[in-house]
Every structure is written in C-alpha cells, then in structure tokens.
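Structural description and commentary
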Amino acid sequence: MDSSNDEALDIIITNVVATFRTRCHLNLRTIALEGTNVIYKPEVGKVLMKLRKPKITASIWSSGKIICTGATSEDEAKLGARRLARVLQKLGFKVRFSAFKVVNVLAVCSMPFAIRLIDFTKKNRPIASYEPELHPAVTYRIKHLKATIQVFSTGSITVTGPNVQNVATAVEQVYPLLFECQKPRN
C-alpha cells in the first residue's frame, strides 16, 4: 500500500465455491422425494439443495460429487458442506465426507478514488485488456496467483481467485498500479 494513503481497504467476499465427494452413489429421486428445500433437475441429472444456515446452494450429482456455492468464507463453505453431508446421511445414504476443496472465491473491493481505465490499460498492456464496446471494466490477470481482477472506472473492483489468500494478495499487488492511474479530484 502507498505510505501517503493509510486507508485500509475492505475486501468483501461475496461467494465461495467448494466441492466435495460423498464416496457413494446417490439416488437423486430419493433425495428429491424425501429431502427438504430441493429442486430436482432430471434433464441435467442433478439435484439442487438449499441450506438456510449457512446460506448455501448445493448441486448434487448421482456420482456423489457435490458443488456448494453461496458461502461468504472458506470456513462457512466447509461447515455448509459438512452439514449437507449430514443431511444426506439422515436420508439413508452411506456418505463419507472426502476431497473437500475450495475451487473459487469472488470478492469485491472499492478503491477510495476513481480510475482512468485507458491509462491503466496502456501502462499494463500485456496483462490488462480493456474493450469498452464489450465490457465496461478492464480485465487484469495475474497468472501466478490464478486471479482475475475486473477494474471499473468508479474505483470498484471484483476479484476472482482460487482461495481467499490469493484474492487478498491480488488486491495488494494491483493497488499501487491503480494508485498511479487515479483520476484527479474535481
């Protein structure tokens, strides 16, 4: 961070996507008929199940693979996944919770200044791309962190990465570059 601006940035995690396996075959029809808060999608071959606390939505396949979305932290995602496994156990399946992995984290952050997008793109040309006809934001990719940052002219940024640590590191890394291209205050 820049020493002249000691303002802390709030990184708000909006979505954590995690996967896990049950290590057993799941009968989707049984889950649809006996489970609660369930949407059965036979044309896609999956069941959607929603939990209220933590607030997550799970896509369940008959192979035993489950994808959980909607959590706001890695711990909440794990708690939701374990709770979902417990619900499936209570429906009579021999579920063993295994191979839990956080696969994607989406966060938003607001810079305390507006940004000149064209200048930002020119200074960071190979890894920043801006096509205003297609999308109002600059896409900035950090390969070694596997993170993608969308930078808007208002100073809002959205960050996608494989875990919370990479997302935080990506914001720290892009901040000085954004600070150079801030719009002057009127």
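The model shown is predicted, which means the values in this text are computed figures rather than measured ones.

Parameters at a glance
- Residues numbered from 1 in each chain as written.
- Predicted model: local features only at pLDDT ≥ 70, side-chain atom pairs only at ≥ 80, totals over all residues.
- Heavy atoms only, no water.
- Core = buried A, V, L, I, M, F, W, Y, C linked by side-chain atoms within 4.5 Å.
- Buried < 20%, exposed > 50% of the residue type's maximum accessible area, 1.4 Å probe, protein only.
- Helix = DSSP H or I, 4+ residues; strand = E, 2+ residues; numbered from the N terminus.
- Contact = heavy atoms within 4.5 Å.
- Expected span 1.5 Å × (residues − 1).
- Arc of directions from axis to C-beta.
- Pairing = 2+ DSSP bridges.
- Axes fitted to C-alpha atoms, helices over the stretch in contact; angles between N-to-C directions.

Focus: the nonpolar core
- Core analysis: the largest hydrophobic core is formed by 51 residues, its most contacted members being Ile 31, Ile 60, Phe 120 and Ile 157.
- Take this core: its biggest share by element is 6 residues, from helix α4 (residues 164–180).
- In this structure, Ile 157 is in contact with Ala 107, Val 108, Cys 109, Met 111, Ile 149, Gln 150, Val 151, Val 171, Val 174 and Leu 178, ignoring residues within four places of it in sequence.

Looking at helix α2 (residues 74–90)
- An ideal rise of 1.5 Å per residue puts 24 Å on 17 residues; α2 measures up with 25 Å between its terminal C-alpha atoms.
- Turning to α2, its buried residues number three or more, namely Ala 77, Gly 80, Ala 81, Leu 84, Ala 85 and Leu 88. In an axial view of α2, the angular spread of the buried residues amounts to 140 degrees, which keeps them on one side of the axis. Within α2, the exposed residues directed more than 90 degrees away from the buried face are Asp 75 and Lys 90.
- Immediately beyond the C-terminal end of α2, within one or two residues, lies Gly 92, with a positive phi of roughly 105 degrees.

Let's talk about the environment of Ala 32
- On the secondary structure map, Ala 32 appears in helix α1 (residues 28–34).
- A relative accessible area of 24% means that Ala 32 is categorised as partly exposed.
- Sequence separation of Ala 32 and Met 49 is 17 residues, and the distance between their C-alpha atoms is 8.9 Å.

Overview of the sheet that holds strand β5 (residues 65–71)
- A sheet is described by the order of its strands in space; here 10 strands give the open sequence β2-β3-β4-β5-β1-β6-β10-β9-β8-β7, paired in antiparallel fashion. Single-partner strands in this sheet number two, and they are β2 (38–41) and β7 (128–130). On average, each strand axis in the sheet is tilted by 15 degrees relative to the strand beside it, whichever way the strands run.
- Alignment of strand β1 (residues 11–21) against β5, held across 5 bridges, turns out to be antiparallel. When the bridges of β5 are listed, Thr 19 appears paired with Ile 67.
- Of the strands in this sheet, β1, β6 (98–110), β8 (138–142), β9 (147–151) and β10 (156–161) touch α4, which is tilted by about 140 degrees from β10.

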